[in-house]
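Secondary and tertiary structure notes
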Number of protein chains: 2
Amino acid sequence: MAGTAEKLNVRDRLLETAARLFYEKGYGATGINEVIKQAGICKASFYHHFKTKEDLLVVSLEQRHERMMAELRAVVAQGRTPAEKLGRVFEWLGSSCSCGSSANGCAYLNMVSEFRDAGSRVRELVRWHKGVFRTFLSELVGAHFRGSGKGDDEIQDITDEIYLLSEAVFAASPVHRCNWPAETAWRIVAGRLGIEG
Amino acid sequence: MAGTAEKLNVRDRLLETAARLFYEKGYGATGINEVIKQAGICKASFYHHFKTKEDLLVVSLEQRHERMMAELRAVVAQGRTPAEKLGRVFEWLGSSCSCGSSANGCAYLNMVSEFRDAGSRVRELVRWHKGVFRTFLSELVGAHFRGSGKGDDEIQDITDEIYLLSEAVFAASPVHRCNWPAETAWRIVAGRLGIEG
DNA sequence: TGTATATCAGACCGGTCTGTCTGGCAACCG
DNA sequence: CGGTTGCCAGACAGACCGGTCTGATATACA
């Protein structure tokens, strides 16, 4: 029952299984024993690779971040203009938030619910991740308005708005389990980019 | 150490304590033993009033809903026009999401993270709550556009957008712990209402 | 007065949790 | 060959969990 993680080494099998279970069931609701069982790993081997359960979570979230950014780069590569690239991003947000087993919204926002201490390692990681994502958006927005005569402040404001709308998609999708949040968010974004329709 | 719940009867003390702890620490992270200890109630009395811990949560969420709607009605009563009322709502969203001990965002969205089964009682309650809140917004939006010649479909779309932005405030506030989400959201909303500035 | 109800106090049950420990097997490397 | 390393197997410790139970006390009401 090791599932998709057949050929990976022990550490990667643990990370793959943990990422899946922590996302689908939540961190607190997933026991270490379940992770190691589904990964087909014995307990001592787990504690050989990771000091604690939380360490496993942190590493798996870091890995998830890299994977997500890679996916995003691939997604925007399919768009020609910055506006089209942003459109692809919101399309991707919607599909990655309301489809199949991934209908649990944003893995990082979920962690904010589980780790209430704002100074915790996990919260810090979430803020870092969101910062990187916001920078990613800001570059697209900046490129879109390059040479438009818009001031930096206004572009900054629009970036904030678009970032906020991405969070809205993440938050609303798991509640409603359809992709009107992504479509509605994109409608607003398109308006702010001046590409009505 | 019963705190603010001095004069209440047993059931209400339990509900008051549970609402506070479940919100500040999360449902899973709060043990029944801690609730009853802080409420100054013995265990048998708790199980006399509530069948299970989850029952306590459900009733406390229902109570929270009534309290929130009452607060919202009071808040909008201070605005003269529908647009001003909506402005007060977003102001209230920001302050109730990023201030003091309540900097944990939306109690209901947090429950979505903790209850992954979309068919669970708690999830159902969350959807009901969000539906009522959306209706509340839709009445204000409808009043704002009354007689403006805007079609019902367009008003519906704008309502969706504003509701989505309220979710964005709830989701983003606990991550960033300041109220730019509320301000940014309101900037977009004001634009959609046609009251730029 | 007798009975039902609400509450207190806290032991107790069966289960789950993270993390540690012992012990053994196999591969690689000096 | 001997030692280290990675991994397996699973018992175990210690804490905490939700929930049940016994038994005592106080109050209200028939």
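This text goes with the structure placed above it.
Being a predicted model, the structure only gives us computed values, none of them experimental.

Reading guide: rules and limits
Residues numbered from 1 in each chain as written. Chains lettered and ligands numbered in written order. Predicted model: local features only at pLDDT ≥ 70, side-chain atom pairs only at ≥ 80, totals over all residues. Heavy atoms only, no water. Helix = DSSP H or I, 4+ residues; strand = E, 2+ residues; numbered from the N terminus. Contact = heavy atoms within 4.5 Å. Least-squares fit on C-alpha atoms with pLDDT ≥ 70 in both. Buried area = accessible area lost by both parts, 1.4 Å probe. Salt bridge = Lys/Arg side-chain N within 4 Å of Asp/Glu carboxyl O. Polar contact = N/O pair within 3.5 Å; in protein donor to acceptor, adjacent residues only side chain to side chain. Nonpolar A, V, L, I, M, F, W, Y, C, P; charged D, E, K, R; others polar. Buried < 20%, exposed > 50% of the residue type's maximum accessible area, 1.4 Å probe, protein only. Near = heavy atom within 4 Å. 1 Å grid on protein atoms, 1.4 Å probe; cavity = no way out; pocket = protein on both sides within 12 Å on 5 of 7 lines; lining within 4 Å. Points joined across faces, edges and corners; volume = space filled by probe spheres on them. Domains from an automatic or database assignment. Core = buried A, V, L, I, M, F, W, Y, C linked by side-chain atoms within 4.5 Å. Phe/Tyr/Trp six-rings, centres within 6.5 Å; stacked < 30°, edge-to-face > 60°.

Details of the environment of A:S166
Residues and elements named next belong to chain A. Take S166: it is sitting in helix α8 (residues 152-176). Sequence separation between S166 and V59 is 107 residues; the distance between their C-alpha atoms is 24 Å. If sequence neighbours within four positions are ignored, S166 has contacts with F90, L93, F133 and L137.

Some points on the relation of the copies chain A and chain B
Superposing chain A onto chain B takes a rotation of 180° plus a shift of 0.0 Å along the axis, which leaves an RMSD of 0.0 Å. Here the two chains are linked by the operation of a two-fold rotation axis. When C-alpha positions in chain A are compared against the rotation axis, the closest is assigned to A:A168, at 2.0 Å. The residues that chain A uses at the interface reappear at the interface of chain B in 100% of cases, marking a shared surface.

Side note on the interface of chain A and chain B
Counting residues at the interface gives 37 residues for chain A and 37 residues for chain B. For the pairing of chain A and chain B, the buried interface totals around 3000 Å² over both sides, and the portion due to carbon and sulfur atoms is 64%. When the buried area of chain A at its contact with chain B is split by residue, A:R116, A:L164 and A:V175 rank highest and sum to 25% of it. Taken together, the connections running from chain A to chain B amount to four salt bridges. As a salt-bridge pair, B:D157 and A:R187 come within 3.9 Å of each other at their nearest N and O atoms. Between chain A and chain B we count 13 residue pairs in polar contact (both at pLDDT 80 or more) in total. Looking at the side of chain A that touches chain B element by element, the count peaks at 13 residues for α8(A). Residues of the side of chain A that touches chain B, tallied by class, amount to 18 nonpolar, six polar and 13 charged.

Topic: the pattern of salt bridges
Residues and elements named next belong to chain B. In the structure shown here, the tally under the stated rule is 22 salt bridges over all chains. Between E84 and R80 there is a salt bridge, with its nearest N and O atoms 3.2 Å apart. Here E84 falls in the partly exposed class, since its relative accessible area comes to 24%.

So, the protein's contact with DNA strand C
Close to DNA strand C lie 18 residues; A:I32, A:N33, A:K43, B:C42 and B:H49 are nearest. Among atoms of DNA strand C positioned within 4 Å of the protein, sugar and phosphate together represent 55%. B:H48 has a polar side-chain atom sitting 3.0 Å from a phosphate oxygen of DNA strand C. Contributing elements (two or more residues each) for the surface near DNA strand C: α2 (32-39) and α3 (43-49) of chain A together with α3 (43-49) of chain B. In terms of residues, the surface near DNA strand C owes the most to one element, α3(B), which gives five residues. Along the lines of polarity and charge, the residues of the surface near DNA strand C split into seven nonpolar, eight polar and three charged.

Describing the layout of surface pockets
One way to see where empty space is left: roll a probe the size of a water molecule over the atoms. Residues and elements named next belong to chain A. Quantified by volume, the largest pocket comes out at close to 550 Å³. The wall of the largest pocket is formed by 21 residues, among which Y23, R64, R67, M68 and E71 lie closest to the centre. Counting residues per element, the ones that place at least two in the lining of the largest pocket are α1 (10-25), α4 (53-77), α5 (82-98) and α6 (107-114). At six residues, the largest contribution of residues to the lining of the largest pocket is made by α1. Of the residues that constitute the lining of the largest pocket, the class distribution is nine nonpolar, five polar and seven charged. Looking at which domains feed residues into the lining of the largest pocket, each of domain 1 (1-50) and domain 2 (53-193) gives three or more.

So, the nonpolar core
Membership of the largest hydrophobic core comes to 128 residues, with the highest contact counts inside it found for A:L56, A:F136, A:L165, B:L56, B:F136 and B:L165. In this view, B:F136 contacts B:M69, B:L72, B:V76 and B:V89; residues no more than four positions away in its chain are not counted.

Thoughts on the packing of aromatic side chains
In total, this model carries 14 aromatic pairs over all chains according to the counting rule given. Judged by centre distance (5.3 Å) and plane angle (40°), the ring pair of A:Y27 and A:F115 falls under tilted. With A:Y27 in the loop between α1 and α2 and A:F115 in the loop between α6 and α7 (121-145), this residue pair connects regions lying 88 residues apart in the sequence. You can call A:Y27 buried: its relative accessible area is 11%. When its relative accessible area of 11% is taken as the criterion, A:F115 is described as buried. Relative to B:F136, the ring of B:F133 lies with its centre 6.5 Å away and its plane at 15°, an arrangement referred to as stacked. Of the two residues, B:F133 and B:F136 are both situated in helix α7 (residues 121-145); the distance of three residues between them amounts to about one turn of the helix.

Quick notes on empty space enclosed by the protein
Using the criterion set out here, one finds four cavities of 30 Å³ or more in the structure. Approximately 230 Å³ is the volume found for the largest cavity. Around the largest cavity sit 22 residues that line it, and A:L109, A:S113, B:L109, B:N110 and B:S113 are the ones nearest its centre. For the lining of the largest cavity, the residue count by class is 13 nonpolar, seven polar and two charged.

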